[in-house]
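# Chains, contacts and geometry: an overview
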Amino acid sequence: MEFQDRRRDALGNFHILSDEIICRILGMLEPRAVGFLACASSVFYVFCNEEPLWMQLCLEAHEGPLLYKEFWKQTTLEKLHLVESAAASCKSFPCCAGFNSLFLYRRWYRCHMHLESFILDNGQIDRREGMMTEEFKATYDGRKPVLLTDQTEGWLSRHSWNLEELVEKYGDVLFKVSQPHGKGISMSLKNYAAYMIMQHDEEPLYIFDSKFGEAAPGLLQDYIVPSLFNEDLLAVLDKSKRPPYRWLVLGPPRSGASWHVDPGLTSAWNALLTGRKRWALYPPGRVPPAVVVHIDEEDGDVHFEGPTSLQWWMDVYPFLKDEDKPLECTQFPGEIIFVPSGWWHCVLNLDNSIAVTQNFVNTTNLELVCLDMAPGYRHRGITRAGPLALQKGYMSTEYQGITQDWIYDVKALTMHAKSYLTSQMHENKYLGQAELRGWLRILWTSRPDLRQQIWRSACFSLDAGTWLETVTSICHAHGLPLPVNEEKLPVGHGSNMIYIVGDYAIKIYLNKYTEDEALKEMSSEVLFQIQMNQSGSPLRNFVPTMVAAGVICHSTEGYKDVPLYSHMTYAALSVKKQVDKLNMEESQHMAGPLILGADWSQDIFSAKGRAQNVPHVEGCTGRMDEQVWPYIVTKNCKGEDLADCRSKMTKDDFCNLATFLGRQPEGRQAQIESQRFCESNGKCHPKDYTDWASKVSTVWDNFFAPIRKLRRDVKDRVNAWDSMPHHLLDQVEAYLPLDPIGLIGKEELLEGVPKANCLPVWLHMDLMDDNIKLEPYSCQIASFDLDEPTKGNEGPTLSQFTSCFENATKVTNCQRVMQPSCILDFGDISLGDAIYDFVILYIDVFKGDEELFKLFLKSYELTLSKDEIEPTKSLSNEASDKAVTNCMCPSYRAMCYCLLYKYDAMGAIFELRPELKTVSSLKELEEKFWGPLNQFSDPAVSQSSL
C-alpha cells in the first residue's frame, strides 16, 4: 500500500513549520488550548498528546508540592481539575497512519532508552586508594580530577542510602527538585520515589537539594567529609551568610547535570552511594563543543547554554575527533570523584543513583575564588572560555567552541578585572562584596598563617592596598593612630567600608550608583548625630560618638583628604560647625519646630548645589576620572555583632535585648515631641499649624515615594523572587491599597493643608543583626527607675536599662552572657511609619520569635491602636474603602510593608515559618505572623503619638 503523507493537509498552514518549531509553539499555550487543538486533526492530536509537551505544561504552571500521576498529561489535567480522571487517555502512544516524524521519534527514543552501553572506563582519570593529603595536594589539588575508591569506608550511608530505606525514614520530607521548565519545585521523598519508577522522561526530575541537612538532619550523620577535603575556608562564615555548598543528589537513569563550571570557581567532591554515573570533564577554559558561554557585561554573571547531558552524549559526542573528546570515567558505588576549580564537567546517571556532594575553598584555590568575585566580566570570561576571550577584535561576550587548553594564571588574570575603586559593579552572584569583605576579615584574624595569601586575595578582589592607604590618610588628617597589622582589612558585612583603628571606627560610604547617594547617606548620619545631641535624647548613650567627617577624592593622580566644608554647599557649613560640637557634655534644645526632612540632605549634598555654590578650593576637582568617598570617624563601639554571637546568648539575653530595643523608640519619640508645635487640643495659631502640618505632609510624601515605586510592579518583583506560593501571589494586587500612603490614613484637608492621621517617627531603616552590638554581661549594675528623670540630658545608661528590665520582669537567678551596648549605622535614617522598622526587626533580629516580638512591643510603649484612624478621601472609592477597613490594623500595615519591601521579606518569612506556605490567603498569613501587633494598643495614648 502506497504511503500517503497527511502532514500537509492535517496541519494546514502550520505545515511550513518544522516539527521542532511546532512543539515549541505548543509549549507556549495553556493546557486547555492544547486540548482544543488536539481535536483539530489527527496529526495535531499526535503533537498535542506528546508526554514531553505535557511535562512542560505541568511544571511551568505548577505550585506547591508535586504529586506525579503516572503520566504528565494525567498529572496536569487532574491538577487543574479539567477532568476527573485522565488515566485512560494516556496509556497508549498517539499515532496515525500517513504521518511520521523523525524529531518526535528521536525524542521518544531518548525517553525510553536504557544506558547499559554507556559504561566506560578508559583509564583517563586515575583511580586511587590510600592516598595521603601530601600526595593529593602535590598531584591533584587544583591540577586534575581523581577517583578515590576507599574514602567512604565506614560511612553509614554506604548501606542505608538505598531508596527503600530512605523512603521508610524520610518518606514525608519535602526535597527540592531540579527541573528543566519553570521554577524549582518540591516533592516528598515517597512521591519522588514513585515518580522514579513510573517516569519515562528524556530529562527526568532530579533531587538536587542544598538544604537537605535542614529538612532531614539525620542524613548529615550518615557521612563524614573525607580528610583530604577537611580544609574548607568558607566554613568560618555563619550558615546564613555562606553560599550553598552541599547537596543531596538523587535521580533515575537519564537524569544528570549538563555542562557547567561550579559556582565561584570552587572545587568539589562527589560521593556516590547507590547506582552508577558517567562523567565527562574538560580542563579550565576549554569550552565543551555545542556549549555557549554568556558573560553579562552589566553584572559579570556567567550563563551556560547547551544540550542536556543525554543529548550531548548521543548527538555531539559521536562526531568528536579523539583529540577533542573529554576526559571520561564511570563512577561506581562507594567512589568519590574530585573536580578541581574551574573544570567543566557533565554527569549522566546510568541507574537510580544517590550521592552527596560538597563544594569547598582551600588554600589551593583561595586566590582564584576571590579573583572571580572581583568586579568586571572579562576575567570571568577567560576563566570559563580561555584564550577566546582575548582574541584580537573580540567584541562579543559569547564564546563558542574551543580548541586548546587554558591554565589559570592568577597574576595574568588580575589584569583583566576591573578596579573595585572605579567600578560601580560590586556584586557577584556567588558571594557579594559585603560578604566577601566579612569573610576575608574573619580569615585574617583566625588564620594568621595565611595572611600573605589573604592579603593578595584582598588586594585584587577589594583593592585592599589602596583602601589601606586611604584609611592611613584619614588617620594622618585627624591625628588618629595608624592601622596596625591586625587592622589592615575592613570589618563587618554591611554595604560600606568600615575599618577599626585603635579606639576609632572609620566608615567610608560606598554607594554603588552615584557619589551623591553616598554623600546623602553620610549627611543623614551627621545630621542625626547633631539633632540627637541637641535634643538630649537618651538614645545617644547607645550610638557611637562622632569625632570627624570628611571626603576622600581619588583619581588617576592619587587621592586627597578634603575638609568637609571645602567640598559641600554653603548649607553644609552649619554641619561642619555642628560636628565640632558633637563631643560637648551639655547641649541646648533647639528652639521652635524642626521637621527633620522630608529629604533632609537633598539640598545639602546635591551635585547641582556643589557646582553652583562651592568656590574653587584645593581638593576635589569634579573631573570625570575622580571618585568621591565621604567618611565619618566615630568612637569604636566595643563588643560583637548580634549576628556573630547568637549561638552563645541565653534566653534571658534575648529577652533583655528585646526590651532594650523596645525602649529605644522612646528616644526617637522624645525628639519628635520637640517638633510638635501644636498642642494636642489644637489650640494654636492657624498659620503656625499650617506651616507645621505642611512639613509633616511633606515627610509622608517622601517616605512613601520609594514605596509607591515598588507598588507599581509589586507582582512582577515578588514573582521574580520565586519565594511565594502562586495562590498567594495571585492575591497581592487585591490585597494592597492602590496608593500605599493610605496605610497611614492620609489625607484629609484641614485649613487647606493635607492632614495625616498619625505623625512620623524616626526610623533606623536597617536595624539588622549586624548593626546591633553586644558585650559580655556585667552583673555590677545599679538599680534605676525609668520613670524618674535623669540628670541633665544624659538619659538612662545601659546598666540602668538592664536593671530596669530585670526589675520589671522580676527575673531571679537569670542566666546572662551578653548585653546590648550600641546600635550602629544610621546612614539610612528617615522619618516614617514606625511599623516599617518592625519588618526587618521581627524577621532578621528576632528571627520570627513571637515571644521576643511581644516583649519588644510591650516595652515599646507607643500605641498601635486603630481607634482614631479616619477615612481617607483622596483615593479611589475601592482603595478608600480598603484603607478604612485595613489601614487601621497594624498587622495589615506590616504585611503590606513586607510585600513592598526592597528585599525579599516574604521569602525570609517562609524560611522562618515554612508551614505558612500552606495558608489560604494573605489575610490569614497576616494574622498568623503579624497578629501580635494587634494585641498591643494602649487606649490611654492617642493614635497621633505613633
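What this report covers is the structure whose coordinates are included nearby. (Residues numbered from 1 in each chain as written. Predicted model: local features only at pLDDT ≥ 70, side-chain atom pairs only at ≥ 80, totals over all residues. Heavy atoms only, no water.)

### Considering the sheet that holds strand S26 (residues 772-776)
Basically, it comes down to this: When DSSP finds two or more bridges between two strands, those strands count as paired. Think of it this way: any DSSP run of H or I at least four residues long counts as a helix, any run of E at least two long counts as a strand, and we number them from the N terminus.
Ordered in space as S22-S26-S27, the three strands form an open sheet in which the pairing is antiparallel. Since the sheet does not close on itself, it has two edges, and those belong to strand S22 (640-641) and strand S27 (818-823), each with one partner. Note that S26 and S27 share five bridges and pair antiparallel. Among the inter-strand pairings, Leu774 is bridged to a residue of S27, identified as Pro820.

### Concerning the packing of aromatic side chains
Note the cut-off: Aromatic contacts are taken between Phe, Tyr and Trp rings whose centres are within 6.5 Å, Trp giving its six-membered ring; a plane angle under 30 degrees counts as stacked, one over 60 as edge-to-face, and the others as tilted. Only protein chains enter the area calculation, which uses a 1.4 Å probe; residues under 20% of their type maximum are buried, those over 50% are exposed, and those in between are partly exposed. Both a distance and an angle decide whether a charge sits over a ring: NZ of Lys or CZ of Arg must be within 6 Å of the ring centre and within 35 degrees of the ring normal.
Tallied over the full model, the rule gives 48 aromatic pairs. Residues Tyr68 and Tyr195 carry aromatic rings whose centres are separated by 5.0 Å and whose planes lie at 90° to one another, so their mutual orientation is edge-to-face. One end of the pair, Tyr68, is in the loop between helix H5 (51-61) and helix H6 (72-79); the other, Tyr195, is in helix H11 (residues 189-198), with 127 residues separating them in the sequence. Of the two residues examined, Tyr68 and Tyr195, each falls in the buried class. Ring centres of Tyr192 and Tyr195 lie 5.8 Å apart, and the angle between their planes is 40°; on these two criteria the pair is classed as tilted. Placement of the pair is Tyr192 and Tyr195 together in helix H11, with a separation of three residues, close to one helical turn. What links up through ring pairs into an aromatic cluster is the set Phe136, Trp155, Trp161, Tyr223, Phe229, Trp269, Phe338 and Phe360. Looking at Arg278, its charged tip hangs above the ring of Tyr317, at a distance of 5.4 Å from the centre. The ring of Tyr317 carries Lys325 above its face, with NZ or CZ at 4.9 Å from the centroid.

### Topic: helix H15 (residues 378-385)
For H15, a buried count of seven out of eight residues is recorded, marking the element as mostly surrounded by other parts of the structure. Buried residues of H15: His379, Arg380, Gly381, Ile382, Thr383, Arg384 and Ala385, and no others. Once H15 finishes, Gly386 follows within two positions and takes phi at roughly 70°, a positive value.

### Notes on the state of the cysteines
Quick note on the threshold: A pair of cysteine sulfur atoms is labelled a disulfide when the two atoms are within 2.5 Å.
Inspection of every chain in the model, using the stated rule, returns one disulfide. Covalently, Cys637 is tied to Cys822 through a disulfide, its sulfur atoms 1.8 Å apart. Between Cys637 and Cys822, the disulfide has an S-S torsion of -120° and is therefore left-handed. Residue Cys637 is located in the loop between strand S21 (627-635) and S22, and its partner Cys822 is located in strand S27; the two are separated by 185 residues in the primary sequence. We classify Cys822 as buried; its relative accessible area is 3%.

### Description of unusual backbone geometry
Note: most peptide bonds trans; most residues except glycine with negative phi. Positive phi, normally seen in glycine, also occurs at Ala290, with a value near 75°. For Ala290, the location among the structural elements is in the loop between strand S9 (277-282) and strand S10 (292-295). Not every positive phi belongs to a glycine, and Asp825 is a case in point at roughly 60°. Counting through the fold element by element, Asp825 comes out in the loop between S27 and strand S28 (830-832).

### Points about helix H17 (residues 433-446)
For clarity, the threshold we go by: Expected span of a helix: the number of residues minus one, times 1.5 Å. Any pair of residues with heavy atoms lying within 4.5 Å of one another is described as a contacting pair.
Helix length check: H17, at 14 residues, gives a terminal C-alpha distance of 20 Å against a target of 20 Å (1.5 Å per residue), a fit within 8%. Taken across its 14 residues, H17 has 10 buried, putting it largely inside the fold. All buried positions along H17 are accounted for by Gln433, Ala434, Leu436, Arg437, Gly438, Trp439, Leu440, Arg441, Leu443 and Trp444. Structurally, H17 contributes buried residues whose contacts are with helix H14 (366-372), helix H18 (451-462) and strand S17 (497-501).

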